[in-house]
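Reading the structure
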Amino acid sequence: MNTQQQEIQEVAYYLWISEGKPDGQSAKHWDIAQRSVAEKHKPKRSIDPSEAKGTTEPEQPDQT
């Protein structure tokens, strides 16, 4: 079992515990855990420095 699968198993286990150890909920807990772990490991989007500063157009004076 790889480390990501172990992490999913652990998250699913703690979900099960937190819900009072209900029977028949393993698929639900596993699905929630998979999505949670996948989101955690999703690569972060890098921001282009020009995007971070906003528009590159100079402000125009109000013409009204």
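Residues numbered from 1 in each chain as written. Predicted model: local features only at pLDDT ≥ 70, side-chain atom pairs only at ≥ 80, totals over all residues. Heavy atoms only, no water.

Helix and strand counts for the protein chain come out as 3 helices and 0 strands. Secondary structure elements in the protein chain, listed N-terminal to C-terminal, are α-α-α. A total of about 5800 Å² of accessible surface is found on the protein chain, and carbon and sulfur atoms cover 51% of it. (Helix = DSSP H or I, 4+ residues; strand = E, 2+ residues; numbered from the N terminus. Areas by Shrake-Rupley, 256 points an atom, 1.4 Å probe, with all protein chains shown as cover.)

Once that is clear, we can look at the pattern of salt bridges. Side chains that differ in sign of charge can pair as their charged atoms come close. Tallied over the full model, the rule gives 4 salt bridges. Note that D31 and R35 form a salt bridge whose closest N and O atoms lie 2.8 Å from each other. Taken together, the positions of D31 and R35, both in helix α2 (residues 26-41) and 4 residues apart, correspond to about one turn of that helix. Ionic pairing is found between E39 and K42, a salt bridge with its closest N-O pair at 3.7 Å. Owing to a relative accessible area of 48%, K42 belongs among the partly exposed residues under this scheme. (Salt bridge = Lys/Arg side-chain N within 4 Å of Asp/Glu carboxyl O. Buried < 20%, exposed > 50% of the residue type's maximum accessible area, 1.4 Å probe, protein only.)

This part is about the environment of H29. One can find H29 in helix α2. Sequence separation between H29 and Y14 is 15 residues; the distance between their C-alpha atoms is 9.0 Å. In this view, H29 contacts A12, L15, W16, E19 and P22; residues no more than four positions away in its chain are not counted. (Contact = heavy atoms within 4.5 Å.)

What follows is about the packing of aromatic side chains. Scanning the entire structure with this criterion turns up 2 aromatic pairs. When the centroid spacing of 5.4 Å and the interplanar angle of 75° are considered together, the rings of Y13 and Y14 count as edge-to-face. Residue classification places Y13 among the partly exposed residues on the basis of a relative accessible area of 43%. With a centroid separation of 5.9 Å and an interplanar angle of 45°, the aromatic rings of Y13 and W16 are classed as tilted. You can see Y13 and its partner W16 sitting in helix α1 (residues 3-18), 3 residues apart, about one turn around the helix. Residue classification places W16 among the partly exposed residues on the basis of a relative accessible area of 29%. Here the aromatic cluster, defined as three or more aromatic residues joined through ring pairs, consists of Y13, Y14 and W16. (Phe/Tyr/Trp six-rings, centres within 6.5 Å; stacked < 30°, edge-to-face > 60°.)

Residues at a pLDDT of 70 or more form 80% of the protein chain, whose mean pLDDT is 84. The spread of mean pLDDT over the elements of the protein chain runs between helix α3 (residues 49-52), the lowest at 62, and α1, the highest at 95. (pLDDT = per-residue confidence, 0-100.)

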